[in-house]
Each structure stands twice: as C-alpha cells, then as structure tokens.
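What the coordinates show
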Amino acid sequence: MSNVTIYHNPACGTSRNTLAMIRNSGEEPTVIEYLNEPPSRETLARLISDAGLTVREALRVKGTPYDELGLDDPQWTDEQLLDFIGKHPILMNRPFVVTPLGTRLCRPSEAVLDLLPRPQQGAYTKEDGQVVVDAEGRRV
C-alpha cells in the first residue's frame, strides 16, 4: 500500500498534473476519486485542518453550486459548510495530497513537490506546456 494519497478529480487539469508528478517520483499513490468516493465528514475536516486551511479556503467556487447555494454569505458556519461539501462533493477544492511529510491542497500542482518523500525521476511538463522539473529531476 502506498504512503501517498491523492483526493483526485480526473476531469481537473491541476489534479491530473499533481497525480503525474507523484508518479514521476516513482510513487504509485492511493487515488481516491472523491466525487465517486467522498471523504467522510471527519476525514474532510482532518484534511482541511492538517493542510492548515479554513473550511472556506477549501471550498471550490468555479464549476460548483457555490453561488446558487449562497456560500459566500458569512452566516454559514464551518459545520454547515462541511455539510454542504458532504451533499455536493464538487465543492471540495482539489487535489488534496497526504504523504508522510504532510497534507496540502496542491494548487498550484507543483506544490506537491514539497510533499513527496522521493525526488522526481525525470523531466515533467504540465499539460499547459509549463516545464516544472528538468531532465535531472530538479524543480525549475
């Protein structure tokens, strides 16, 4: 079993790039497609806390029902926001990555490089053409 876990959305370029960089380190992570397998409320709260975020900071606005639900209203407590994410997992920003070195919301995707136990094993270029890792496995 892997010691790296990614809460992944395969439709998200940032999530795909993050997963690719994990694999470029030689690690085959545990991949949790959180839209199909949403984390429990306790797991979600722990991910957010361990990443040093507030629940509001972990919310995704773009492409979600955030506006329709009025989640920008400060009336909503963290507990209520966690309930909304539970009902609408797309509200969870992504990708969260957990490794022995910590937990982070990897936006931008290259933030994952600070969490990986092993170095990159070769070059990596993001889907948008941005070179992130050179041929020697060094961050650019």
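Structure's up top.
Remarks on the side chain of R60
With respect to the element layout, R60 can be found in the loop between α2 (41–50) and α3 (66–69). Among buried charged residues, R60 stands out as having no salt bridge; its nearest opposite-charge side chain is D67, 12 Å away. Once you skip the residues sitting within four places of it in the chain, R60 turns out to touch Y66, I90, L91, M92, N93, R94 and R107.

Observations concerning α2
Those residues of α2 that sit buried are T43, L44, L47 and I48. Buried residues along α2 cover an arc of 130° about the axis, so they all sit on one side. Pointing more than 90 degrees away from the buried face of α2 are the exposed residues E42 and S49. Looking at the buried side of α2, the elements it contacts are β1 (5–8), α4 (78–87), β3 (96–99) and β4 (102–105). Just downstream of α2, G52 is the residue with a positive phi angle, here 75°.

Re the packing of aromatic side chains
Scanning the model with the defined rule gives 1 aromatic pair in all. Considering the side-chain rings of W76 and F84, the 4.9 Å spacing of their centres and the 85° angle between planes classify their relative orientation as edge-to-face. When its relative accessible area of 15% is taken as the criterion, F84 is described as buried.

What counts, and where the lines are drawn
Residues numbered from 1 in each chain as written. Predicted model: local features only at pLDDT ≥ 70, side-chain atom pairs only at ≥ 80, totals over all residues. Heavy atoms only, no water. Helix = DSSP H or I, 4+ residues; strand = E, 2+ residues; numbered from the N terminus. Buried < 20%, exposed > 50% of the residue type's maximum accessible area, 1.4 Å probe, protein only. Lys, Arg positive; Asp, Glu negative; His and termini not counted. Salt bridge = Lys/Arg side-chain N within 4 Å of Asp/Glu carboxyl O. Contact = heavy atoms within 4.5 Å. Arc of directions from axis to C-beta. Phe/Tyr/Trp six-rings, centres within 6.5 Å; stacked < 30°, edge-to-face > 60°.

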